[in-house]
Amino acid sequence: MNLEVVLSFIVNIAIIVSIVLLYNSYPHFILHTSIQIVWFLVVACLPAAFTSVMWWVDLAWPFGLVIIGVFNFLYSDGNITRKYLICGCYIFQGLRMGLGALYMILSGKWKSCVDLPRYQRLKLEQKGGNWNFMHMQKEILLQAFANALILLIPAILIANDSRVDFSLIEIFGYILWILSYIYESVGDIQKEHFLIQNKKSISNTTTTTTSDVCNIGLWNYSRHPNYFGEWMVWNSLIIVALPSLFIYKFNHFDIKLELETESELHLQYLNLLIIKCCFGFLLLSVSAAMYYCLAYWTGAVPAEYYSLQNRKGYQKYCDNTPNMLIPTISKIFHTNTNNIEINKNK
């Protein structure tokens, strides 16, 4: 059983657990889920039905994160500073990707008659090439449920935390969030710089050889450092949410203390323990879901499917850089050792 199958199984179980848990413990579950589904229907499902391309979901999904941020700011009763921080993270993250997708659409770089390579790969993977309308709608709605159920979890826990003081774990999580975002942005900038320089090299008649494989900077340590940065952004939010999970109070999510017997109190403690364990599992599933998406579903594997076909030297790059997302520690150490040796020789 490979990692992709395991992650897919975890995500499917997490969707089921989140439906049962949130329906019974989160008072705004139906309202938030309804908003997310309506949003995806209008922005992704209907346009995809008329154009037969799936990239509309790349517009719906990030603005769905904005919905999570705004919704939890309005409907949560936690500490106001926590609400500003966590909701701000969701809104910033969503706007950054959503506005980028909007630019690609308005500039005509995403054409309504041609799907993005990652979704072309998704269609090819369908058994027997039997891709149809229902398959496309299912894939879009899966991302809607990811927003409405799984990715909502850190926001719920943190935005309903009424503590005034911040723990070291939370501070570390937010610092890691900033560093992860910087890492992702540096990867994107390095890739864009490489593409510009490569285009200039190709147009220069004196250039005899050019490489169409980006292996500079962070791209020397993993083949998709920007995806790694995005994954770590979500892992950072999981870390921030841990203290909120551990100090979970009885009065959160309609859990009451007005009990008559000791057995009822013990049962209530057991219910609380089960809820904490379920939320803990869902927090971990956020990391699993994002890794599955970024590595296998619509990320690295679909992108590399076409890179291996169309870009000379990409197979060699894969051999030299074995890790898709997580940086290869040995290459980092080897590079630093080489730099020290070069400085010594100088």
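The structure this text deals with has already been given above.
For clarity, every value in this text was computed on a predicted model and none was experimentally measured.

*Asks:* Let's hear about the packing of aromatic side chains: which residues, and what values?
*Replies:* A complete count under the given rule lists 18 aromatic pairs for this structure. Plain terms: the ring middles of Phe71 and Tyr75 are 4.5 Å apart, the flat faces sit at 25° to each other, and that makes the pair stacked. On the criterion of helical spacing, the pair formed by Phe71 and Tyr75 is a turn pair, its members being four residues apart in helix H3 (residues 57-75). Residue Phe71 is classed as buried on the basis of its relative accessible area of 4%.

*Asks:* So what's going on with the environment of Leu152? Which residues, and what values?
*Replies:* With respect to the secondary-structure elements, Leu152 resides in the loop between helix H6 (133-150) and helix H7 (153-159). For Leu152, a relative accessible area of 1% corresponds to the buried category. Setting aside anything within four residues of it in sequence, one finds Leu152 in contact with Leu22, Tyr26, His32, Ile68, Asn72, Tyr90 and Asn147.

*Asks:* So what about the pattern of salt bridges? Which residues, and what values?
*Replies:* Under the definition given, this model contains nine salt bridges. For Glu170, the salt bridge identified is with Arg82, shortest N-O distance 2.9 Å. Note that Glu170 is positioned in helix H8 (residues 168-203) and Arg82 in helix H4 (residues 80-106), a separation of 88 residues in sequence. Residue Arg82 is classed as buried on the basis of its relative accessible area, which comes to 0%. Note that Lys138 and Glu139 form a salt bridge whose closest N and O atoms lie 3.8 Å from each other. Among the residues examined, Lys138 registers a relative accessible area of 43% and is labelled partly exposed. Overall, the relative accessible area of 10% leaves Glu139 in the buried class. One salt-bridge network, in which partners are shared between bridges, spans Arg82, Asp161, Arg163 and Glu170.

*Asks:* Give a description of unusual backbone geometry that names residues and reports values.
*Replies:* The phi angle at Ser52 is positive, at roughly 65°, despite the residue not being glycine. Residue position: Ser52 is located in the loop between helix H2 (29-51) and H3. Looking at Ser52, the relative accessible area reads 45%, which means it is partly exposed.

*Asks:* Please give an account of the nonpolar core that cites residues and values.
*Replies:* If you look at the biggest cluster of nonpolar residues, it comprises 83 residues, and the most contacted ones within it are Leu22, Ile140 and Leu325. A per-element tally of this core places helix H10 (residues 262-297) first, with 15 residues. Discounting residues that sit within four places of it in the chain, Ile140 has contacts with Phe40, Ala44, Cys45, Ala48, Met54 and Val57. The next biggest cluster of nonpolar side chains, apart from the first, holds seven residues, and it includes Phe194, Cys214, Trp219 and Tyr317.

*Asks:* Got a sec to walk through the environment of Ile105? Specific residues and values, please.
*Replies:* Tracing the sequence through the fold places Ile105 in helix H4. Sequence separation between Ile105 and Leu59 is 46 residues, and the spatial gap between their C-alpha atoms is 9.0 Å. Ignoring sequence-local partners within four residues, the contact set of Ile105 consists of Trp55, Trp56, Leu59 and Trp110.

*Asks:* Could you give me a rundown of the packing of H10 against helix H11 (residues 300-310), with the residues and numbers involved?
*Replies:* Contact geometry of H10 with H11 gives a least axis separation of 4 Å together with a crossing angle of 10°. By the angle between their axes, H10 is roughly parallel relative to H11. Of the residues in H11, those in contact with Leu294, Ala295, Tyr296 and Trp297 of H10 are Ala300, Val301 and Pro302. Residue composition of the contact of H10 with H11, grouped by class: seven nonpolar, no polar and no charged.

*Asks:* Describe a nonpolar patch on the surface, naming the residues involved and giving the relevant values.
*Replies:* The grouping of Leu168, Ile171, Ile175, Ile178, Leu179, Ile182 and Val186 at the surface amounts to a nonpolar patch, some 650 Å² of accessible area in total. Looking at where Leu168 falls in the secondary structure, it is placed in helix H8. Residue Leu168 is classed as exposed on the basis of its relative accessible area, which comes to 73%.

Scoring rules and cut-offs
Residues numbered from 1 in each chain as written. Predicted model: local features only at pLDDT ≥ 70, side-chain atom pairs only at ≥ 80, totals over all residues. Heavy atoms only, no water. Phe/Tyr/Trp six-rings, centres within 6.5 Å; stacked < 30°, edge-to-face > 60°. Helix = DSSP H or I, 4+ residues; strand = E, 2+ residues; numbered from the N terminus. Buried < 20%, exposed > 50% of the residue type's maximum accessible area, 1.4 Å probe, protein only. Contact = heavy atoms within 4.5 Å. Salt bridge = Lys/Arg side-chain N within 4 Å of Asp/Glu carboxyl O. Core = buried A, V, L, I, M, F, W, Y, C linked by side-chain atoms within 4.5 Å. Axes fitted to C-alpha atoms, helices over the stretch in contact; angles between N-to-C directions. Parallel < 35°, antiparallel > 145°, perpendicular 65-115°, else oblique. Nonpolar A, V, L, I, M, F, W, Y, C, P; charged D, E, K, R; others polar. Patch = residues over 30% accessible without salt bridge, like charges linked within 9 Å, V, L, I, M, F, W, Y side chains within 5 Å. Areas by Shrake-Rupley, 256 points an atom, 1.4 Å probe, with all protein chains shown as cover.

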